[in-house]
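# Descriptive analysis of the structure
Now for the letters of each chain:
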Amino acid sequence: NMSIIGADFSQAKTYHQKFETNLKHSNATQNVYFSNFFEWQGAARERWFFECISEDMLQDQGVFITKQAHNNFIKEAFPFQTVHCELNSFDIQKCSFHLLFRFFINGELASSGYQQIVFANKQKRIAKLPESIIAKIKSFECDYNKLKGQ
């Protein structure tokens, strides 16, 4: 829903992943812990990178550092629900990029968030991403302004 997210997805490929909630994700009142959404951000990011960007995760060239992680909780989640995650990229630079995460339950937006990812070389110095990798990341790019959208 663009009115909630404030982004244009018309040009972008979107990566999809499903998560199933269960009792271990929840507290005594059966609410799914908010921290699970951060875990699912990380799991979706890794899977997207492995499947769509680079199977070797660029391990021979450097490391990815999460500089920012943000999550906006919109609706409660409960055990035994299916959470659909949609991932897109935005604000792609030579050495960094952002990922936008949207989590839907029963077709309704339950949570959204973003991460800023910085690439660093083996010496942990910020480094340029290979051009071929930037091109792949750009194929998932949506027009999103994190200061305006949630």
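This text goes with the structure placed above it.
Residues numbered from 1 in each chain as written. Predicted model: local features only at pLDDT ≥ 70, side-chain atom pairs only at ≥ 80, totals over all residues. Heavy atoms only, no water.

### Considerations on the state of the cysteines
Definition in use: Sulfur atoms of two cysteines make up a disulfide when they are within 2.5 Å.
In this structure the tally under the stated criterion is zero disulfides. Cysteine cysteine 52 is unpaired, with the sulfur of cysteine 85 as its nearest cysteine sulfur at 12 Å. Among the cysteines around cysteine 142, which has no disulfide bond, cysteine 85 carries the closest sulfur, lying 13 Å off.

### Here's the deal with the sheet that holds strand E3 (residues 62–73)
Where we set the bar: Paired strands, in this sense, are two strands between which DSSP finds at least two bridges. Secondary structure follows DSSP: runs of H or I at least 4 residues long count as helices, runs of E at least 2 residues long count as strands, and numbering of each begins at the N terminus. Note on geometry: axes are C-alpha line fits, over the in-contact stretch for helices, and angles between N-to-C directions span 0 to 180 degrees.
Spatial ordering of the open sheet is given by E2-E4-E5-E6-E3, a layout of five strands whose pairing is antiparallel. In the strand order of this sheet, the two ends are held by strand E2 (15–20) and E3, each with one partner. Geometrically, the sheet is characterised by an average inter-axis angle of 25° between neighbouring strands, direction not taken into account. For E2 and strand E4 (residues 82–90), the ladder comprises six bridges, and the chain directions are antiparallel. Note on E4: the bridge partner recorded for tyrosine 15 is leucine 87.

### Remarks on the packing of aromatic side chains
This is how the line gets drawn: What counts as a ring pair is set by centres within 6.5 Å for rings of Phe, Tyr and Trp (its six-membered ring), and what kind of pair is set by the plane angle: stacked under 30 degrees, edge-to-face over 60, tilted for all other angles. Think of it in three bands: with a 1.4 Å probe and only protein chains considered, a residue is buried below 20% of the maximum accessible area for its type, exposed above 50%, and partly exposed in between.
If you walk through the whole model with that rule in mind, you get 15 aromatic pairs. Both rings, one in tryptophan 48 and one in phenylalanine 140, keep their centres 5.7 Å apart while their planes meet at 90°; by these two values the pair is edge-to-face. Remark: phenylalanine 140 occurs in the loop between helix H3 (131–138) and strand E7 (143–144) and tryptophan 48 occurs in helix H2 (residues 35–53); sequence separation between them is 92 residues. An identical accessibility class is assigned to tryptophan 48 and phenylalanine 140; each is buried. An aromatic cluster is built from Phe19, Phe34, Phe37, Phe38, Trp40, Phe73 and Phe103, whose rings are joined through pairwise contacts.

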